[in-house]
Amino acid sequence: MAPFLSHPISLLFLLFSFLPLLSLSAVDQPYKTYIVRIDSQSKPSIFPTHYHWYTTEFTDAPQILHTYDTVFHGFSATLTPGHAATLSQHPSVLAVFEDQRQQLHTTRSPQFLGLRNQRGLWSDSDYGSDVIIGVLDTGIWPERRSFSDVNLGAIPARWKGICEVGERFSARNCNKKLIGARFFIKGHEAASGSMGPITPINETVEFKSPRDADGHGTHTASTAAGRHVFGASMEGYAAGIAKGVAPKARLAAYKVCWKNSGCFDSDILAAFDAAVKDGVDVISISIGGGDGISAPYYLDPIAIGAYGAASRGIFVSSSAGNDGPNIMSATNLAPWIVTVGAGTIDRNFPAEVVLGNGKRLSGVSLYAGLPLSGKMYPLVYPGKSGVLSASLCMENSLDPNMVKGKIVVCDRGSSARVAKGLVVKKAGGVGMILANGVSNGEGLVGDAHLIPTCALGSDEGDTVKAYVSSTSNPAATIAFKGTVIGIKPAPVVASFSGRGPNGLTPEILKPDLIAPGVNILAAWTDNVGPTGLDSDTRKTEFNILSGTSMACPHVSGAAALLKSAHPDWSPAAIRSAMMTTANTFNNLNQPMTDEATGNGHLNLDRAMDPGLVYDITNDDYVNFLCGIGYGPRVIQVITRSPVSCLVKKTLPENLNYPSITALLPSSAKGATSKTFIRAVTNVGQPNAVYRFTIQAPKGVTVTVKPPKLVFTEALKKQSFTVTITANTRNLMPDDSGAVFGSISWSDGKHVVRTPILVTQMDPL
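Rules used throughout
Residues numbered from 1 in each chain as written. Predicted model: local features only at pLDDT ≥ 70, side-chain atom pairs only at ≥ 80, totals over all residues. Heavy atoms only, no water. Helix = DSSP H or I, 4+ residues; strand = E, 2+ residues; numbered from the N terminus. Rg over C-alpha atoms; globule rule 2.2 N^0.38 Å. Buried < 20%, exposed > 50% of the residue type's maximum accessible area, 1.4 Å probe, protein only. Areas by Shrake-Rupley, 256 points an atom, 1.4 Å probe, with all protein chains shown as cover. Lys, Arg positive; Asp, Glu negative; His and termini not counted. Charge placed at Lys NZ, Arg CZ, Asp CG, Glu CD. Arc of directions from axis to C-beta. Contact = heavy atoms within 4.5 Å. Core = buried A, V, L, I, M, F, W, Y, C linked by side-chain atoms within 4.5 Å. Polar contact = N/O pair within 3.5 Å; in protein donor to acceptor, adjacent residues only side chain to side chain. Salt bridge = Lys/Arg side-chain N within 4 Å of Asp/Glu carboxyl O. Pairing = 2+ DSSP bridges. Axes fitted to C-alpha atoms, helices over the stretch in contact; angles between N-to-C directions. Disulfide = S-S within 2.5 Å.

A. The overall build of the chain, seen in detail. Check the secondary structure of the chain and you find 18 helices and 37 strands. For the chain, whose C-alpha radius of gyration is 26 Å, the value lies close to the compact-globule estimate of 27 Å for 764 residues. Over its C-alpha atoms, taken along the principal directions, the chain stretches across nearly 80 × 70 × 60 Å. Counting across all 764 residues of the chain, residues that qualify as buried make up 60%. For the chain, the accessible area works out to roughly 28,100 Å², and carbon and sulfur atoms hold 54% of it. Averaging the positions of the 65 positive and the 59 negative side-chain charges in the chain gives two centres separated by 5 Å.

See the structure below:
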């Protein structure tokens, strides 16, 4: 399980209560960066500002990196552990936690979402031109055509942001499209100075400004809101018109991640604070933890910053992480964040390995250099020696005498896929076959390799290795087939996409939905080539990437369009519209492959007019936090304002979420029942009658009361109960340990689908 405390106290509080506070002098202790959460209402009136209070009572001004006053109250500072321990005892301090490093969760997709020019969502919302999307990422390459402001109206008058000047970035780099840009580096610099393994920013490859040296931020920003660009492609692949989901939405870039260096919590929190003050409507953050491990909400600055935004009506979408297909690998799990997994689209970049025995094996590639033209080359698998580093084609692991002039089979894992090709090239190899292991299965992503390369699924990879070991003179060639559209089935959940169940609060189903995240074409930086490797000197206006990082901005752009068309909808209502109308069938009209999330694939046309929505208020979220055992002071770390919990706590599964998760105790004998309460608000025609249909999970009985929901002009909100009954001994769960079903409410025009997940799990 990911961390979950039944008595949540800051981990540092537990640690500090056993520290002899004065046992070490400050000189002996290393400085670290800490984020300090202050009860802002306890500021003595003698101090004119919170900053004066912080620098007088808590630490010296030079130690302070960021002060927070919008989504969070407090500051981040470089302190010794002893000083941090002392601060944690101060009555005005709610929590102290150490700064952590997060990582990036590294084009036909708007059509694939059900968007067509001049009809449906794109026309109804004027393409979202009044909506501002804040992207927290690696910055932006402002000269790209995707960020042109031609024919855009005036910047929304409510915008309060700035265009922060820095290295190779001036105020002229912003326009009516890119209306704001900032960078946040103090947390990173403090870590570089004091925390050993973190390297300072390399100013030969990085810019101390909002300019994007990595490419990831430019890619995500243009996916969400890039303008129409004609003649787009990545070295001839995916040629056509590139456009973001909300092409007229305004963009604000908040650079919090630095090339090869990750993203620090203290800087991320400062960016959330700035974005909310600046006036963004949507925040897109393709960043999070790795290894599927999630900190409790009160120790997770993304969850805290997102709550501060969502509580002010700002929609926050985030990536589910790339640690699938392991179960419980999804990250960014807070119920006020929309958590996005990745699926395929109906476009692929096929390549074929032809073996000397005539066998043809299908894979993918984005190699765009000189082809092999059918010539057969000797084939070698360095992993045959049993040396792991050689099987993975790690740096300096290949013997040039063994690979020169040959096609080399490399196993996927431990190093970047494109980096393996560079290792093969340096050792004199002419091509590479990149073989998936069991954990990646048949999930393939294209890469712009530096040498002729084909990626193969696990089964085909085994076929190649068996051929090499059973043949005296194995040979092969690779053929590249370009771009193919109309691939079926699609979407398929990407093998890498973070999976549920939710490791923090399993009562809330996560991820919320999937969106296009495999082989996505979007704008790119001029600073590095399409592989991102330092030795790749190619320049490309667009690049093709995969990851939940790519899926998240599709949902951010969709939220901008929905907010533009429905300005009065809350972030929870927008999420509900997306989730209850999501596709659960692929383009063969069959259930989606690996539909383990229970939720479907974003369908924007239907989300525009969902009929009913599940709304959630700030008080509902507070009751949820009380229900999972957080006390008032811990909750205040997240909510900023003091709260009190009801004597009879709300069960976390009764948060008004657009999905239902039933955790049935595994120890129960015989049939067990659980009842859930939900409320829906009518956003369609005022007079409507909805009736339900049930698709019960296998081995489960589902009953719903009342049998129909009647809405009128005066009565817009109705509640219903769902009772789930099962004998846990008769449950036949799938690989994720659960069975799935749904309830659908319909008035004849709308279908409002609510996923149901039933699993055996004892209360945490």
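B. Structural detail: helix α2 (residues 50-58). Listed as buried for α2 are W53, Y54 and F58. The buried residues of α2 occupy an angular sector of 100 degrees when the element is viewed end-on, so they sit on one face. Lining the buried residues of α2 we find β1 (32-38), β2 (64-68), β3 (74-79), α3 (81-88) and β4 (93-98).

C. Structural view of the nonpolar core. Ranked by size, the top nonpolar core spans 66 residues in total, and within it Y254, F272, I283, Y297 and W336 carry the most contacts. Among the elements that take part in this core, helix α8 (residues 265-278) stands out by supplying eight residues, more than any other. Discounting residues that sit within four places of it in the chain, I283 has contacts with G134, L136, F272, A275, V276, A309, I314, F315, V316, S317 and S556.

D. Focus on the side chain of T138. Looking at the element boundaries, T138 is found in the loop between β6 (132-137) and β7 (178-183). One polar contact links T138 to D212, side chain to side chain, over a distance of 2.8 Å. Within the structure, T138 has its side chain in polar contact with the backbone nitrogen of G217 (distance 2.7 Å). Those residues in contact with T138 that sit more than four places away from it in its chain are L104, R211, D212, A213, D214, G215, H216, G217, K255 and C257.

E. The arrangement of unusual backbone geometry in detail. The omega angle of the peptide bond from G500 to P501 is -5 degrees, so this bond is cis rather than trans. Tracing the backbone shows P501 in the loop between β25 (484-485) and β26 (513-516). Following K705, the chain continues to P706 via a peptide bond in cis, the omega torsion being -5 degrees. Summarising the element assignment, P706 is placed in the loop between β33 (700-705) and β34 (708-711). The backbone of N260 sits at a positive phi, close to 60 degrees, despite the residue not being glycine. Mapping N260 onto the fold places it in the loop between β11 (257-258) and β12 (262-264).

F. Geometry of the pattern of salt bridges. Going through the model one piece at a time under the given rule, you end up with 22 salt bridges. Note that D273 and K277 form a salt bridge whose closest N and O atoms lie 3.9 Å from each other. Here K277 and D273 lie together in helix α8, a separation of four residues that amounts to about one turn. The exposure class of D273 is buried, given its relative accessible area of 2%. What makes K277 partly exposed here is its relative accessible area of 40%. Where E352 meets K481, a salt bridge forms, and the shortest distance between an N and an O atom there is 3.5 Å. With a gap of 129 residues between them, E352 in strand β18 (residues 350-355) and K481 in the loop between β24 (475-480) and β25 connect regions that are remote in the sequence. With relative accessibility at 13%, the residue E352 sits in the buried group.

G. Region of the structure containing the sheet that holds β34. Taken in spatial order, the five strands make up an open sheet running β30-β37-β36-β32-β34, and their pairing is mixed. The open sheet has two edge strands, β30 (660-664) and β34, and neither has a second partner. The sheet shows a mean angle of 20 degrees between the axes of neighbouring strands, taken without regard to direction. The sheet contact formed by β30 and strand β37 (residues 751-760) spans five bridges and is parallel. Counterpart to T661 in the pairing with β37 is L757.

H. Layout of the sheet that holds β11. Pairing is antiparallel in the open sheet, where four strands are placed in the order β11-β12-β5-β14. At either margin of the open sheet sits one strand with a lone partner, and together these are β11 and β14 (287-288). With two bridges joining them, strand β5 (residues 101-104) and β12 adopt antiparallel strand pairing. Residue pairing across strands places Q102 opposite C263, the latter belonging to β12.

I. Representation of the pairing of β37 in the model. In terms of burial, β37 is largely enclosed, as eight of its 10 residues are buried. Note: strand β36 (residues 738-746) against β37, nine bridges, orientation antiparallel. The residue of β37 that forms the bridge with W745 is V752. With antiparallel pairing between neighbouring strands as the criterion, β36 and β37 make up a hairpin whose turn holds four residues, including G748 at a positive phi of roughly 100 degrees.

J. Expanded view of the state of the cysteines. Scanning the entire structure with this criterion turns up four disulfides. Here C163 pairs with C174 through a disulfide, and the sulfurs are 2.0 Å apart. One disulfide, between C163 and C174, carries an S-S torsion of 85 degrees and so falls in the right-handed class. Of the two residues, C163 is situated in the loop between β6 and β7 and C174 in the loop between β6 and β7; the sequence distance between them amounts to 11 residues. Residue classification places C174 among the buried residues on the basis of a relative accessible area of 14%. In the chain, numbering the disulfide-bonded cysteines from first to last in sequence yields the connectivity 1-2, 3-4, 5-6, 7-8. The thiol sulfur of C552 is not disulfide-bonded, and the nearest other cysteine sulfur, from C257, lies at 12 Å.

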